[in-house]
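# Results of the structural survey
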Amino acid sequence: MKKIKILLTFLLIFYGCTYDPILSTKKFDFIFEEINHEGEEIVNRIIKNKLEQRKVGSKNYSINIKSFKNKSIISTDSKGDPTVFEIDIELNYDLIENNEVIYRDTIQKQITYNNINDKFELSKYEEGIIKNLSNNIGNEILISISSLNK
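Residues numbered from 1 in each chain as written. Predicted model: local features only at pLDDT ≥ 70, side-chain atom pairs only at ≥ 80, totals over all residues. Heavy atoms only, no water.

Strand order in the open sheet formed by four strands is 1-2-3-4, and the pairing between neighbours is mixed. Strands with a single pairing partner mark the edges of an open sheet, and in this sheet they are strand 1 (30-39) and strand 4 (100-114). On average, each strand axis in the sheet is tilted by 20 degrees relative to the strand beside it, whichever way the strands run. Where strand 2 (residues 59-76) lies against strand 3 (residues 82-97), 14 bridges are found, and the strand directions are antiparallel. Bridge pairing in strand 3 places Asn64 opposite Asp94. Along the sheet, helix 3 (residues 41-52) makes contact with strand 1, strand 2 and strand 3, crossing strand 1 at roughly 180 degrees. Lying over the sheet, helix 4 (residues 119-148) contacts strand 1, strand 2, strand 3 and strand 4, oriented at roughly 150 degrees with respect to strand 4. (Pairing = 2+ DSSP bridges. Helix = DSSP H or I, 4+ residues; strand = E, 2+ residues; numbered from the N terminus. Axes fitted to C-alpha atoms, helices over the stretch in contact; angles between N-to-C directions. Contact = heavy atoms within 4.5 Å.)

Bringing helix 3 into the picture now. A rise of 1.5 Å per residue sets the reference length of helix 3, with its 12 residues, at 16 Å; its end C-alpha atoms lie 16 Å apart and thus fit the reference within 8%. Turning to helix 3, its buried residues number three or more, namely Val43, Asn44, Ile46, Ile47, Lys50 and Leu51. Along the long axis of helix 3, the arc covered by the buried residues comes to 165 degrees, so they all point the same way. Tucked into the core, helix 3 has its buried residues touching strand 1, strand 2, strand 3 and helix 4. (Expected span 1.5 Å × (residues − 1). Buried < 20%, exposed > 50% of the residue type's maximum accessible area, 1.4 Å probe, protein only. Arc of directions from axis to C-beta.)

Moving on, we come to the pairing of strand 3. Each regular strand displays side chains that alternate between the two surfaces of the sheet. Linkage of strand 2 to strand 3, two consecutive antiparallel strands, is achieved through a turn of five residues, within which Gly80 is found at a positive phi near 95 degrees. As paired strands, strand 3 and strand 4 are joined by 14 bridges and run antiparallel to one another. Bridge pairing links Ile87 to Ile111 in strand 4. As consecutive antiparallel partners, strand 3 and strand 4 are separated by two residues, and within that stretch Asn98 has a phi angle of approximately 55 degrees, a positive value.

With that settled, consider the packing of helix 3 against helix 4. With their axes 9 Å apart at the nearest point, helix 3 and helix 4 run at an angle of 45 degrees to one another. The pairing of helix 3 with helix 4 is recorded here as oblique in orientation. Of the two elements, helix 3 crosses helix 4, and the hand of that crossing is right-handed. Contacts from Ile42, Val43, Ile46, Ile47, Lys50 and Leu51 in helix 3 reach Ile130, Lys131, Ser134, Asn135, Ile137, Gly138, Asn139, Ile141 and Leu142 in helix 4. Among the residues forming the contact of helix 3 with helix 4, the class breakdown is nine nonpolar, four polar and two charged. (Parallel < 35°, antiparallel > 145°, perpendicular 65-115°, else oblique. Left-handed = near helix turned anticlockwise from the far one by under 90°. Nonpolar A, V, L, I, M, F, W, Y, C, P; charged D, E, K, R; others polar.)

This is the structure:
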């Protein structure tokens, strides 16, 4: 009898635990009729593409984006050559509905990484980092706006 209770408890627990991707199955009920941006062009382009993927919705918003990117040296070796870098992306955005700012937020993402001797590989690695951070920021914008619509 005790084994049946334990088995039943485990089945109920495991049945309730499922993996559900947040952004791929979520239906956003808004679109962006206008996306204005200034600052880092690469970051803005990636975020704009992420926001423009949402083509269906009953609410129309405009969004103003201002982004900043900073690359700094965190650590150097005994010769003074950099060993650890940090990329920091900050994004300020205003959500506008009917020519009125209804939401304003700042998102900041940063990552540290080790230096690579091959400068070409280092630049490609940094491009990948910037792309990933920008996509994460775009996802955060979508999630925060969807929470406003509830």
